[in-house]
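# Structural overview for review
What follows is the residue order along each chain.
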Amino acid sequence: MNRYIIKFSKEGVICYISHLDTLRLFKRAFKREGICLSYSKGFNPHPKMGFAQPLPLGYSSVSEYLEFETDIPYQPQELAKALRRQLPEGIRIFSCEKGDDSKKSLAARTTAAEYIIAIPAGESAPRKSAADLCEDFLKQKEIRVPKRQKKSKEMKDVNIRDKIRSMNIVSVGENLLVTALLDSGSDSNLSPELLITALVRFWGLPDERSDISVMRTKLSFL
């Protein structure tokens, strides 16, 4: 099996292209370089490639992973070099490595994701230290936020406390920078959007999503 894993970043204006468009972007880059991707069988074959975890629209990241298979073996460093020639500004290839023979995909092996969330506070900032803000938030036994249910499409309050693995807050200028390690993957998953909702409510801050930036900094795997 010729399986490879690429680590890359997604920063700047490129963060506003969707998950599917990013996948198409890589697919075209492989095609232009003549890299022979492996395809699935059946009526509608598709290349055997996929991201460890989808990155929400508007989020930046310095820790994205693309897993793919090829029909013939390649040197990982040559694959990285080829893709760097084709990918636009905002996507940087950090490394390319041979994947192992595990039957589980990276998506199935993902367990957690770390994010840095910048929340403007300004004059509305609570009159406490960043450390106290973090401690007060985390000592809640339950942190309930509304979440739309997939099947019914209804909004229902859910408790997200047990999905927050760790969190740290520092004050930088007029921003509160929240570094949070959250459950991520098929077994348990917490969207940063729910954490943001909980934080701005708890602190009494304006919930202006356009002013809040999110960067994914790490993915953890089994």
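Right above here is the structure, for reference.
Residues numbered from 1 in each chain as written. Predicted model: local features only at pLDDT ≥ 70, side-chain atom pairs only at ≥ 80, totals over all residues. Heavy atoms only, no water.

### Some points on the packing of aromatic side chains
For the structure on display, the rule yields eight aromatic pairs. Judged by centre distance (6.0 Å) and plane angle (50°), the rings of Phe8 and Phe51 are tilted. Taken as a pair, Phe8 in strand β1 (residues 2-10) and Phe51 in strand β2 (residues 49-51) lie far apart in primary sequence, 43 residues in all. An identical accessibility class is assigned to Phe8 and Phe51; each is buried. Each ring, one from Phe30 and one from Phe68, has its centre 4.7 Å from the other, and the planes form 50°; the classification is tilted. Taken as a pair, Phe30 in helix α1 (residues 19-32) and Phe68 in strand β3 (residues 60-70) lie far apart in primary sequence, 38 residues in all. In terms of burial, Phe30 and Phe68 fall into one category: buried. (Phe/Tyr/Trp six-rings, centres within 6.5 Å; stacked < 30°, edge-to-face > 60°. Helix = DSSP H or I, 4+ residues; strand = E, 2+ residues; numbered from the N terminus. Buried < 20%, exposed > 50% of the residue type's maximum accessible area, 1.4 Å probe, protein only.)

### Let's talk about the environment of Leu23
By the secondary structure assignment, Leu23 is in helix α1. Measuring from C-alpha to C-alpha, the distance between Leu23 and Gly50 comes to 7.5 Å, with 27 residues separating the pair along the chain. If we ignore the near neighbours within four places in the chain, the residues touching Leu23 are Met49, Gly50, Phe51 and Leu66. (Contact = heavy atoms within 4.5 Å.)

### Observations regarding unusual backbone geometry
Positive phi, normally seen in glycine, also occurs at Lys153, with a value near 65°. For Lys153, the location among the structural elements is in the loop between β6 (144-148) and β7 (155-159).

### Quick notes on the packing of helix α4 (residues 130-138) against helix α5 (residues 192-203)
Relative orientation of the contacting elements α4 and α5 amounts to 110°, with a least axis distance of 11 Å. As the angle between them shows, α4 and α5 are arranged roughly perpendicular. Of the two possible hands of crossing, α4 and α5 adopt the one that is right-handed. Within the contact between the two elements, α4 uses Leu133, Asp136 and Phe137 and α5 uses Leu195, Ala198, Leu199, Phe202 and Trp203. Considered class by class, the residues forming the contact of α4 with α5 number seven nonpolar, no polar and one charged. (Axes fitted to C-alpha atoms, helices over the stretch in contact; angles between N-to-C directions. Parallel < 35°, antiparallel > 145°, perpendicular 65-115°, else oblique. Left-handed = near helix turned anticlockwise from the far one by under 90°. Nonpolar A, V, L, I, M, F, W, Y, C, P; charged D, E, K, R; others polar.)

### Section: the pattern of salt bridges
Summed over all chains, the structure comprises twelve salt bridges. A salt bridge links Asp21 to Arg24, with the nearest nitrogen and oxygen atoms 2.6 Å apart. Of this pair, Asp21 and Arg24 both sit in helix α1, separated by three residues, roughly a single helical turn. For Asp21, a relative accessible area of 36% translates into the label partly exposed. For Arg24, a relative accessible area of 42% translates into the label partly exposed. The residue Asp183 makes a salt bridge to Arg165 at a minimum N-O spacing of 2.7 Å. With a gap of 18 residues between them, Asp183 in strand β9 (residues 175-183) and Arg165 in strand β8 (residues 164-172) connect regions that are remote in the sequence. (Salt bridge = Lys/Arg side-chain N within 4 Å of Asp/Glu carboxyl O.)

### Quick notes on the nonpolar core
Formed by 37 residues in total, the largest nonpolar core has its most connected members in Ile117, Ile119, Ile164, Met167, Val178, Leu195 and Trp203. Residue assignment for this core shows that the elements contributing at least two residues are β5 (110-120), α4, β8, β9, α5 and β10 (213-221). The dominant element in this core, judged by the number of residues it contributes, is α5, at seven residues. Here Val178 is in contact with Tyr115, Ile116, Ile117, Ile119, Met167, Asn168, Ile169, Leu199 and Trp203, once residues within four sequence places are set aside. Counting 22 residues, the second largest nonpolar core, distinct from the first, contains Ala29, Leu37, Leu83 and Ile91. (Core = buried A, V, L, I, M, F, W, Y, C linked by side-chain atoms within 4.5 Å.)

### Regarding the side chain of Ser61
With respect to the helices and strands, Ser61 occurs in strand β3. Residue Ser61 is classed as buried on the basis of its relative accessible area of 0%. For Ser61, the side chain forms a polar contact with the main-chain nitrogen of Ser63, separated by 3.0 Å. Ignoring any residue separated from it by four or fewer positions in sequence, one finds Ser61 in contact with Ser9, Lys10, Glu11, Leu55, Met215 and Arg216. (Polar contact = N/O pair within 3.5 Å; in protein donor to acceptor, adjacent residues only side chain to side chain.)

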